[in-house]
Amino acid sequence: MAELKLVGGYPEYMRKSIEAVNNTREERRNYTPPSMTAEQRTEILSKYHPDFVPGGKRKIKIGQNKGDMAPSEVTDLLEAYPLIDPKKIKLNVDYETDILIIGSGLAGLSAAILANDCGIPKEKILLATKLRVGDSNSMMAEGGTQAADRPNDNPAIHFLDAYGGGHFTNKRDVLWGLVEDAPLVIKWLENLGTMFDKNPDGYFEEKWGGGTCRKRMHACRDYTGLEELRVVRDEFRSREIPTLEFYSAIELLTDMCEDDAHKSKGSKENKVTGAVLWNMETQEYKIVRAKATIIATGGFGRLHIRGFATTNHYGATGDGLVLAYRAGAKLRDTDTVQYHPTGAAYPQQIVGLLLTEKLRSTGAQPINKTGEAFVFPLEPRDIEASSFIRECYERDNGITTPTGMRGVWLDTPRIDQINGKGYIAKSFPGMVRMFERFGIDMIKDPVLVSPTLHYQNGGIETDPKGKTNIEGLFVAGEVSGGVHGKNRLMGNSTLDCIVYGRRSGIYAAEYVNKVAKLNTPTLKHIEKYIKMLKDAKIKEERKSPILLPDYRGKATLARMVDIF
Amino acid sequence: MEKKLDVIGEIKKASKSVTTGIDEKDIEYWVEIYIMGKGYKVPAALTVMQAMEYAGYRFTRACGCRAGFCGACSTIYRMKGEYKLLTCMACQTRVEDGMFLVQIPFAPADKPSYDLDKESADPSIFLKYFPEIARCVSCNTCTKACPQDLEVMDYIQSALRGDFKAVAEESFDCIQCGLCAMRCPAEIVHYNVAQLGRRVYGKFLNPPEKSVEARVKEIEEGKFNKDRDNFLKVSEKEMRKLYAERVREAD
């Protein structure tokens with residue numbers, strides 16, 4: 001049982017390459033590789049970007065988005081059978097509530113607080129969450145939250161930045177809601193006690209984000225999401241809103257009418273009226289009947305699209321997408337996924353985790369194993385990521401880790417070389433701490449990076465109130481689609497969560513006041529969905545939602561016997 | 001003859017240690033750890049969390065962001081042959097030969113409810129909601145337990161003095177894992193004390209920012225409604241033109 005020998009946190013065999021990076025730093029002081037031409041960009045994208053390399057997507061065979069392309073991992077979930085047999089579930093109501101919120105990131109928590117503010121008593125709100133309250137991608141956000149609040153900026157400029165960044169595919173009215181509410185959200189967070197970075201005059205210190213033409217990133221050191229989340233969570237807990245932790249939603253409930261006759265008479269095809277929850281520990285199900293249901297379950301990074309490592313939370317398995325789709329909600333922009341170029345490639349402990357873009361905008365260069373700067377450091381994310389893949393896999397100029405990851409160096413010491421000693425420690429305390437834990441000093445040595453799966457661009461389509469095409473069903477946050485189009489800009493995700501969390505809470509409150517009485521809840525939509533699966537000749541080999549990923553060792557799984 | 005390179009396939013293969021679980025045949029270096037007393041041989045390059053998964057555990061509790069932000073995977077351990085109890089976050093700590101591990105995924109601690117709109121930056125607020133902080137014996141066990149290396153005892157002392165700024169600054173990197181509270185002989189829930197301190201500081205001692213106030217007012221007055229109406233009706237071509245005409249502010 002030999003221990004791995006490490007020098008300065010890295011395996012001994014990597015030191016030679018690290019020395020090459022350290023030795024060429026002085027000659028690179030005033031050198032930056034040129035940015036690519038449009039033709040070069042097109043070529044590198046089509047050859048190396050995971051969204052463009054053929055084989056990763058397929059058409060959805062059933063349902064309202066039939067024919068749309070989505071990553072195979074997502075299509076797999078949509079073309080899967082439910083976890084429960086709808087005929088075997090007794091729909092006796094365990095919880096009767098006005099608003100059921102599923103998910104407890106920034107979107108879910110904001111929704112609960114605003115619904116309460118709008119007059120829904122706390123007893124008439126129920127928040128169910130798969131893990132602990134607050135477990136979400138929200139708390140992992142580093143960079144900041146966009147809001148056009150400086151005098152030389154305004155919501156219209158923010159709108160244009162996001163619309164162009166989304167390749168002109170964003171749903172415009174929903175995007176307008178995002179930029180219009182942004183300053184209000186910052187004010188709301190401040191009033192709750194969020195500690196945004198401010199300069200000595202009391203104004204926000206606002207920073208650049210990729211693709212913006214104004215500095216409008218509001219940060220809390222490099223723990224922006226954590227600070228926003230824990231403040232909003234503390235407010236949520238102080239209000240004592242009923243909460244079910246470690247309860248997954250495994251299906252929605254509808255009062256769907258069985259026969260088409262009802263439809264032709266003008267009654268709604270279906271209406272969401274709550275959910276089936278499942279206790280993650282006792283495996284018991286509970287029936288929640290609700291006048292309005294808000295899905296705020298987050299993204300799907302843990303599906304490891306195309307086999308990529310991810311920056312995402314353990315619970316990011318796309319559950320809400322599946323549930324809503326089965327109930328008839330429309331999806332959009334399912335064909336694109338955001339990969340971030342600088343995920344950690346080493347050490348093993350943090351593979352795939354995000355190393356903020358700000359490292360490159362303050363001077364860190366991507367360097368190959370021979371110490372050569374091979375790409376312009378601030379290409380758009382997709383181009384930059386593709387160039388890393390080419391360097392590692394076509395040119396074989398990457399560094400291979402003990403677990404077989406190939407990466408390139410991100411020359412972090414160059415940040416201090418350019419900006420002066422002490423700059424890294426001051427600007428990136430969280431990141432310095434993370435590497436320090438594994439014996440790596442990013443002030444002295446470069447760090448190893450490779451592209452990582454980051455964000456679900458598309459999702460469930462909404463209107464500017466957070467409403468879906470299904471009555472009684474609202475969505476907020478990463479699970480929604482439309483606001484970011486086919487590509488999200490930095491700083492717009494925490495914003496999206498809070499803006500549409502708040503709006504869905506407000507409009508769900510307004511909606512439930514108009515709902516007089518609910519019919520008996522059913523799982524008819526699931527029976528219908530199963531029939532569609534069978535008609536499409538989809539085999540019963542997959543079930544969804546998957547709830548959590550499975551990382552157990554293969555050797556153990558091979559010897560596992562299910563007897564207890 | 002040029003062989004077609006399956007790039008995505010290569011990445012997929014290389015990433016499988018973090019995407020689908022690790023394969024025994026890929027492992028060169030091993031260590032032995034003890035999960036709740038039971039010994040397992042696990043790959044040396046894994047975190048405590050990944051090693052437990054390798055051994056066959058599938059987490060519901062004690063696993064969250066897997067990135068050191070959420071505080072779900074609080075772990076207490078002892079090295080073989082030692083008596084000292086150590087703490088770590090399972091997702092941010094590499095396994096070492098001879099670790100005896102147990103996880104503390106939940107802290108049975110109370111959080112008082114308060115409405116900050118009805119409070120002020122009155123230094124007595126800490127004792128009002130957390131009278132137990134007066135029982136601090138300055139043993140510093142909390143500080144030693146902190147996986148973020150915060151000066152926990154110092155900020156509790158700052159809270160006793162009613163120094164909001166010090167509490168806020170010293171506790172800012174807190175991930176609320178609860179290890180401090182679980183080790184405290186005085187049953188103080190440090191991370192909740194800190195949360196109150198930061199919120200009071202952020203709300204009352206950091207005066208409201210002026211430009212955001214002004215912008216919210218402008219929006220409420222409808223100053224940008226004509227931009228909205230325009231954006232909602234013009235063609236994509238026109239939108240592309242507007243996008244191209246943006247001028248980037250100076251660095």
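These numbers come from a predicted model, not from an experiment. (Residues numbered from 1 in each chain as written. Chains lettered and ligands numbered in written order. Predicted model: local features only at pLDDT ≥ 70, side-chain atom pairs only at ≥ 80, totals over all residues.)

Novice: Before we move on, can you summarise the overall build of chain B with the specific residues and values?
Specialist: In terms of regular secondary structure, chain B is built from 11 helices and 5 strands. Expected size for 251 residues packed as a compact globule is a radius of gyration near 18 Å; at 26 Å, chain B overshoots this value by more than 25%. Summarising its shape, the C-alpha atoms of chain B cover approximately 75 × 70 × 35 Å along the three principal directions. Per-residue burial for chain B yields a buried fraction of 41% across its 251 residues. By sequence separation, contacts in chain B at least 24 residues apart represent 60% of the contacts at least 6 residues apart. (Helix = DSSP H or I, 4+ residues; strand = E, 2+ residues; numbered from the N terminus. Rg over C-alpha atoms; globule rule 2.2 N^0.38 Å. Buried ≥ 20, exposed ≤ 12 C-beta atoms within 10 Å, placed from the backbone. Contact = placed C-beta atoms within 7 Å.)

Novice: For the interface of chain A and chain B, give the residues involved together with the corresponding values.
Specialist: Contacts between chain A and chain B engage 90 residues on the former and 84 residues on the latter. Broken down by secondary-structure element, the contributors of at least two residues to the side of chain A that touches chain B are helix H5 (155-165), helix H6 (172-192), helix H7 (224-238), helix H11 (381-394) and helix H17 (554-558) of chain A. The dominant element in the side of chain A that touches chain B, judged by the number of residues it contributes, is H6 of chain A, at 11 residues. In terms of residue class, the side of chain A that touches chain B is built from 44 nonpolar, 20 polar and 26 charged. (Nonpolar A, V, L, I, M, F, W, Y, C, P; charged D, E, K, R; others polar.)

Novice: Now, about unusual backbone geometry: what can you tell me, with residues and values included?
Specialist: Residue Tyr346 of chain A is joined to Pro347 of chain A through a cis peptide bond whose omega torsion reads 0°. The residue Pro347 of chain A is located in the loop between strand E16 (337-344) and helix H10 (358-361) in this model. Although it is not a glycine, Gln176 of chain B adopts a positive phi angle of roughly 60°. In this structure, Gln176 of chain B sits in the loop between helix H6 (164-171) and helix H7 (179-183). Located in the positive-phi region is Glu187 of chain B, a residue other than glycine, with phi close to 55°. A count of 11 C-beta atoms within 10 Å places Glu187 of chain B in the exposed class.

Novice: Give me the environment of Glu228 of chain A: which residues, what numbers.
Specialist: Residues and elements named next belong to chain A. With respect to the helices and strands, Glu228 occurs in helix H7. Along the sequence, Glu228 and Gly193 sit 35 residues apart, while their C-alpha atoms lie 9.2 Å from each other. Those residues in contact with Glu228, other than ones at most four positions away along the chain, are Leu106, Leu189, Thr194 and Thr494.

Novice: Can you tell me about the packing of helix H5 (residues 152-161) of chain B against H6 of chain B, naming the residues and giving the values?
Specialist: How two helices pack is summed up by the angle between their axes together with the distance between the axes. Residues and elements named next belong to chain B. Relative orientation of the contacting elements H5 and H6 amounts to 160°, with a least axis distance of 8 Å. Considering their axes alone, H5 and H6 lie roughly antiparallel with respect to each other. For the element pair H5 and H6, the recorded crossing hand is left-handed. The segment H5 lies against H6, with Asp154, Tyr155, Ser158 and Ala159 engaging Ala166, Val167, Glu170 and Ser171. Here the contact of H5 with H6 is composed, by residue class, of 4 nonpolar, 2 polar and 2 charged. (Axes fitted to C-alpha atoms, helices over the stretch in contact; angles between N-to-C directions. Parallel < 35°, antiparallel > 145°, perpendicular 65-115°, else oblique. Left-handed = near helix turned anticlockwise from the far one by under 90°.)

Novice: Any details on the sheet that holds strand E2 (residues 38-43) of chain B? Residues and values, ideally.
Specialist: Residues and elements named next belong to chain B. Spatially, the 5 strands line up as an open sheet ordered E2-E1-E5-E3-E4, and their pairing is mixed. Only two strands of the sheet have a single partner each, and these edge strands are E2 and strand E4 (86-89). Adjacent strand axes in the sheet meet at a mean angle of 35° when their direction is disregarded. Note: strand E1 (residues 30-35) against strand E5 (residues 99-103), 3 bridges, orientation parallel. (Pairing = 2+ DSSP bridges.)

Novice: Can you explain the domain arrangement of chain B? Please cite residues and give values.
Specialist: Under the domain assignment, chain B is made up of domain 1 (21-103), domain 2 (116-205) and domain 3 (210-244). Computed over C-alpha atoms, the centres of domain 2 of chain B and domain 3 of chain B are 43 Å apart. (Domains from an automatic or database assignment.)

Novice: How would you explain the domain arrangement of chain A if you had to name every residue and give the values?
Specialist: Interfaces are often sized by the accessible area lost when the parts come together. Residue and element names in this part refer to chain A. The domains assigned to chain A are domain 1 (21-51 + 338-453) and domain 2 (82-336 + 457-512). Between domain 1 and domain 2, the C-alpha centre-to-centre distance is 32 Å. Tallying the contact residues gives 21 residues for domain 1 and 20 residues for domain 2. Elements with a contribution of two residues or more to the side of domain 1 that touches domain 2: E16, H10, helix H14 (429-436) and strand E20 (447-456). Top element by residues in the side of domain 1 that touches domain 2 is E16. It accounts for 4 residues. Each residue belonging to the side of domain 1 that touches domain 2 can be placed in one class, and the counts come to 9 nonpolar, 8 polar and 4 charged.

Novice: Lay out the pairing of strand E12 (residues 247-254) of chain A in plain terms, naming residues and giving numbers.
Specialist: All names here are of chain A. Burial analysis of E12 places 8 of its 8 residues in the buried class, the great majority of the element. Inspection of the sheet shows E12 paired to strand E13 (residues 272-279) by 6 bridges, in the antiparallel sense. Considered in E13, the bridge of Thr254 is made with Val272.

Novice: Go over the environment of Ala109 of chain B with me, naming the residues and quoting the values.
Specialist: Note that Ala109 of chain B resides in the loop between E5 and helix H3 (125-129). Separated by 99 residues in the primary sequence, Ala109 of chain B and Glu10 of chain B have C-alpha atoms spaced 47 Å apart.

Novice: Could you give an account of the sheet that holds strand E8 (residues 145-146) of chain A, naming the residues involved and the relevant values?
Specialist: Residues and elements named next belong to chain A. Pairing is antiparallel across the open sheet formed by 3 strands, whose spatial order is E8-E10-E9. Looking at strand neighbours, the two that pair on one side only are E8 and strand E9 (206-207), the edges of this open sheet. Where E9 meets strand E10 (residues 217-218), 2 bridges bridge the pair, whose relative direction is antiparallel. Note on E10: the bridge partner recorded for Glu206 is His218.

Novice: Any chance you could break down H11 of chain A for me, citing the residues and the numbers?
Specialist: If you check H11 of chain A, its first and last C-alpha atoms are 19 Å apart, about what 14 residues at 1.5 Å a residue would give, namely 20 Å. Among the 14 residues that make up H11 of chain A, 12 are buried, leaving the element largely enclosed by the rest of the structure. Buried within H11 of chain A we find Arg381, Asp382, Ile383, Glu384, Ala385, Ser386, Ser387, Phe388, Ile389, Glu391, Cys392 and Tyr393 of chain A. Among the structural elements, helix H2 (38-48), E16, strand E17 (365-367), strand E19 (406-411) and E20 of chain A together with helix H1 (7-19) of chain B are those in contact with the buried residues of H11 of chain A. Directly beyond the C-terminal end of H11 of chain A, a positive phi value near 55° is found at Asp396 of chain A. (Expected span 1.5 Å × (residues − 1).)

Novice: Describe the environment of Tyr40 of chain B, and please don't skip the residues or the numbers.
Specialist: All names here are of chain B. With respect to the helices and strands, the residue Tyr40 is situated in strand E2. On the neighbour-count criterion, Tyr40 (19 C-beta atoms within 10 Å) is partly exposed. The residues touching Tyr40, leaving out its near neighbours within four places in the chain, are Ile33, Ile35 and Ala55.

Novice: Help me get a handle on the pairing of E16 of chain A, residues and values and all.
Specialist: All names here are of chain A. Burial analysis of E16 places 8 of its 8 residues in the buried class, the great majority of the element. Direction of pairing for E16 relative to E20: antiparallel, over a ladder of 6 bridges. The partner of Gln338 across the bridge, within E20, is Tyr455.

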